[in-house]
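Notes for the structure review
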Amino acid sequence: MPADNIQLDDNGKLLHFLSIEGLNQSILTEILDTAESFTSVSERNVKKVPILRGKTVANLFFESSTRTRSTFELAEQRLSADILSLNVSTSATTKGESLLDTLQNLEAMQIDMFVIRHRDSGSAYFFAQHVGPGVSVLNAGDGQHEHPSQAMLDMYTIRHYKKDFSQLRVAIVGDILHSRVARSQIHALNLLNTAEVRVIAPRTLLPVNTESLGVQVFEDLDQGLKDADVVIMLRLQKERMRGALLPSEKEYFRLYGLSQDRLNLAKPDAIVMHPGPANRGVEIESSVMDGNQSVILQQVSFGISVRMAVMSMIVGQSGLQTGDES
Amino acid sequence: MSLPSVEILIDKLTQALKPYFNSSLPISEQPIIVGIETGGYWIARSIHEAIQPDTELGRLNISFYRDDFTKIGLHPTVKPSSLPTDIDDKTIILVDDVLYSGRTVRAAMNEIFDYGRPRRIILVILIDRGEREIPIQADIVAETVEINPDDHIKLEGPQLLKLTLQSTGDHAS
């Protein structure tokens, strides 16, 4: 994590969107409030506003993605941007020079904004440090570091259903070690003054210094779920696992899978979230995923408004009063 | 200079608008009053209360449509737009507090057309201070004033509506 915060300008406004760490509560709240005004755009006849008209956004996905990429693309289109989406093969990519080459070639095409997903932690920062002035970078997931737009749509979902963070007990369950989503969520929940943030996972799937992030750690799912208001399940990231971290998927489900019986330990009106893609029957039972406490599909819809909000805040940089130039 | 009382001006607008409302018509043929956030919405709300039409009051937040968006940015504190779901073939009574450059009205009309195709838009203005930058004119104006281009007329609210004049230069008024 670079010490200098290149995400914000001198007036504290958003220039890039790279990580939740380094942002502050007022920016996070502004994102959530702005997203709320964009929800009406998605409900009306012409789902488009002219905020990014004439701007070009490049979506660079060095790793595969369905939800994030398609909701970013929809958000860009609903803001009237011209878009370019590239699936860049990871095989030939070595961090450093070739990434920079890609960047320079695209900058020569007068791109205004880059949305980047890359398997290396810190790659979005690397991009942001090398783009020209006036060009912005949005992190759509960098390695095991952060996935800030996912965390913000999760915060939006929580606020939508539960209103006040200071009254909430939020449990994040599963593969914390490999999860950039969890890392961003923990920072965001703490910045928004959540009463209690819990992480529930086997030791093998926890980073070494988890407690230092400001969370309560539980190795027992039943204990951790007790009286929770929000339960966030994480995907078991088999593709990132090296070595034997788990006995088997079946064993994992027995110990850490969310069944209806277990969910009943949380508050009766608890909501269940999952950033997707979910492994049914591994970290979450199918009936819970489709059940009436699940808000997993609502998360996807909110993702569009939240991504529109972040991009529009980057483009409209000053929050000055409009005056009365009627 | 002294500015007129907002109450009297709103009453003027209400009287001028009454002929457009005919409660014997089906609701689908009645006009919809729409105010531009924030001042225009306050005026529209007062007119709506006075006339009490069957149609709901609409609200437009034009921040997404401003031609100076990149300079000004968003105002998340301003409430989002909400128009009755179907505005196709409806008459819209568009209300704003001050008409000056005309850019706000242009933005508002662009937004309205993203909701549908109204049959007619009637522009209703509390204060017309002239000096248009684009060819837009109001249909109903409560008061026309001439003030120095550097000055600002501002509507204060939302409880007690009051017009104030903010002078920036040291010219004689």
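Since this is a predicted model, take the numbers as computed values, not measurements.

All names here are of chain A. Applying the stated rule across the entire model yields 21 salt bridges over all chains. Here Arg-262 and Asp-222 are joined by a salt bridge, their closest N and O atoms 2.9 Å apart. Residue Arg-262 is located in helix H9 (residues 260-263), and its partner Asp-222 is located in helix H7 (residues 221-225); the two are separated by 40 residues in the primary sequence. Among the charged side chains, a salt-bridge network with shared partners connects Asp-33, Glu-36 and Arg-159.

One broad rule of soluble globular proteins: the nonpolar side chains tend to lie buried together. Core analysis: the biggest nonpolar cluster contains 84 residues, and Phe17(A), Phe38(A), Ile172(A) and Leu94(B) have the highest contact counts within it. The element contributing the most residues to this core is helix H11 (residues 296-315) of chain A, with 10 residues. Three or more residues apiece are contributed to this core by two domains, here domain 1 (4-146 + 302-317) and domain 2 (148-300) of chain A. Discounting chain neighbours no more than four positions away, the residues touching Ile172(A) are Ala182(A), Gln185(A), Ile186(A), Leu189(A), Val197(A), Arg198(A), Val199(A), Ile200(A), Ile232(A) and Leu234(A).

All right, on to the sheet that holds strand E6 (residues 196-200) of chain A then. All names here are of chain A. Spatially, five strands are ordered E7-E6-E5-E8-E9 in an open sheet, and the strand pairing comes out parallel. Only two strands of the sheet have a single neighbouring strand rather than two, namely strand E7 (216-218) and strand E9 (271-273). The mean inter-strand angle of the sheet, taken between neighbouring strand axes irrespective of direction, is 20 degrees. Across three bridges, strand E8 (residues 230-233) lies against E9 in parallel orientation. Residue pairing in the sheet places Val-231 in a bridge with Val-272 of E9. Strands in contact with helix H5 (residues 148-162) are E8 and E9; relative to E9, the strand with the most contacts, it is inclined by about 170 degrees.

Turning our eyes to something else, we now look at the interface of chain B and chain A. In many reports, interface size means the accessible area that the parts give up when they come together. Chain B puts 31 residues into the contact, and the matching count from chain A is 27 residues. Note on chain B versus chain A: buried area summed over both sides is about 2,300 Å², and carbon and sulfur give 56% of it. Where chain B meets chain A, there are two salt bridges. Between Arg44(A) and Asp114(B) there is a salt bridge, and its shortest N-O distance comes to 3.7 Å. Along the contact surface separating chain B from chain A lie four residue pairs in polar contact (both at pLDDT 80 or more). Listed by contribution, the elements that provide at least two residues to the side of chain B that touches chain A are helix H3 (69-72), strand E3 (91-99), helix H4 (103-115) and strand E6 (152-156) of chain B. Considering every element that reaches the side of chain B that touches chain A, the biggest residue donor is H4(B), with six residues.

Structurally, the α-helix is built with 3.6 residues per turn, so residues lying three or four positions apart point the same way. Between the first and last C-alpha of H5(A) there are 20 Å, a value that for 15 residues agrees with the 21 Å anticipated at 1.5 Å per step. Two residues or fewer after H5(A) comes Lys163(A), characterised by a positive phi angle close to 60 degrees.

Take the environment of Leu258(A) next. Residues and elements named next belong to chain A. In this fold, Leu-258 is placed in the loop between helix H8 (249-256) and H9. Overall, Leu-258 belongs to the buried group, its relative accessible area being 0%. The contact partners of Leu-258, leaving out residues within four places of it in the chain, are Leu-225, Val-231, Met-233, Phe-253, Leu-263, Val-272, Glu-283, Ile-284, Glu-285 and Val-288.

Turning our attention to the domain arrangement of chain A. All names here are of chain A. Under the domain assignment used here, chain A contains domain 1 (4-146 + 302-317) and domain 2 (148-300). Between the C-alpha centres of domain 1 and domain 2 there is a distance of 25 Å. Taken together, the contact pairs 34 residues of domain 1 with 29 residues of domain 2. Both faces considered, domain 1 and domain 2 share a buried interface measuring about 2,700 Å² in area, 62% of it formed by carbon and sulfur atoms.

A few words on the pairing of strand E1 (residues 56-61) of chain A. Residue and element names in this part refer to chain A. Counting buried residues in E1 gives six out of six residues, a clear majority hidden from the surface. Here E1 runs beside strand E2 (residues 82-87); their pairing, made up of six bridges, is parallel. Its bridge partner being in E2, Phe-61 is matched across the sheet by Asn-87.

All names here are of chain A. Taking strand neighbours across the sheet as the criterion, the four strands line up as E2-E1-E3-E4 in an open arrangement whose pairing is parallel. In the strand order of this sheet, the two ends are held by E2 and strand E4 (136-142), each with one partner. On average, each strand axis in the sheet is inclined to that of its neighbour by 15 degrees, with strand direction left out of account. Bridge count between strand E3 (residues 113-118) and E4: five bridges; the pairing is parallel. Counted as the bridge partner of Phe-114 is Val-137 from E4. Sheet strands in contact with H11 are E3 and E4, and its direction is about 150 degrees off that of E4.

All names here are of chain A. With their axes 7 Å apart at the nearest point, helix H1 (residues 25-43) and H11 run at an angle of 120 degrees to one another. Accordingly, the angle class assigned to the pair H1 and H11 is oblique. H11 is crossed by H1, and the crossing has right-handed handedness. Together, Ile-27, Glu-30, Ile-31, Thr-34, Ala-35, Phe-38, Thr-39, Val-41 and Ser-42 of H1 and Ile-304, Ser-305, Val-306, Met-308, Ala-309, Val-310, Ser-312 and Met-313 of H11 make up the contact between the two elements.

This next bit is on the packing of helix H1 (residues 6-17) of chain B against helix H2 (residues 39-51) of chain B. Residue and element names in this part refer to chain B. Between H1 and H2, the shortest axis-to-axis distance is 10 Å and the interhelical angle comes to 55 degrees. It follows that H1 is oblique to H2 by the angle criterion. For H1 against H2, the interelement crossing comes out right-handed. Note on element contacts: H2 touches H1 through Ile-43, Ser-46, Ile-47, Ala-50 and Ile-51, opposite Val-6, Ile-10, Leu-13, Thr-14 and Leu-17. Tallied by class, the residues present in the contact of H1 with H2 amount to eight nonpolar, two polar and no charged.

Before going further, it helps to spend a moment on the packing of aromatic side chains. If you walk through the whole model with that rule in mind, you get four aromatic pairs over all chains. Positioned above the aromatic ring of Phe72(A), the side-chain terminus of Arg307(A) is 4.9 Å from the ring centre.

The rules we used
Residues numbered from 1 in each chain as written. Chains lettered and ligands numbered in written order. Predicted model: local features only at pLDDT ≥ 70, side-chain atom pairs only at ≥ 80, totals over all residues. Heavy atoms only, no water. Salt bridge = Lys/Arg side-chain N within 4 Å of Asp/Glu carboxyl O. Helix = DSSP H or I, 4+ residues; strand = E, 2+ residues; numbered from the N terminus. Core = buried A, V, L, I, M, F, W, Y, C linked by side-chain atoms within 4.5 Å. Buried < 20%, exposed > 50% of the residue type's maximum accessible area, 1.4 Å probe, protein only. Domains from an automatic or database assignment. Contact = heavy atoms within 4.5 Å. Pairing = 2+ DSSP bridges. Axes fitted to C-alpha atoms, helices over the stretch in contact; angles between N-to-C directions. Buried area = accessible area lost by both parts, 1.4 Å probe. Polar contact = N/O pair within 3.5 Å; in protein donor to acceptor, adjacent residues only side chain to side chain. Expected span 1.5 Å × (residues − 1). Parallel < 35°, antiparallel > 145°, perpendicular 65-115°, else oblique. Left-handed = near helix turned anticlockwise from the far one by under 90°. Nonpolar A, V, L, I, M, F, W, Y, C, P; charged D, E, K, R; others polar. Phe/Tyr/Trp six-rings, centres within 6.5 Å; stacked < 30°, edge-to-face > 60°. Lys NZ or Arg CZ within 6 Å of the ring centre and 35° of its normal.

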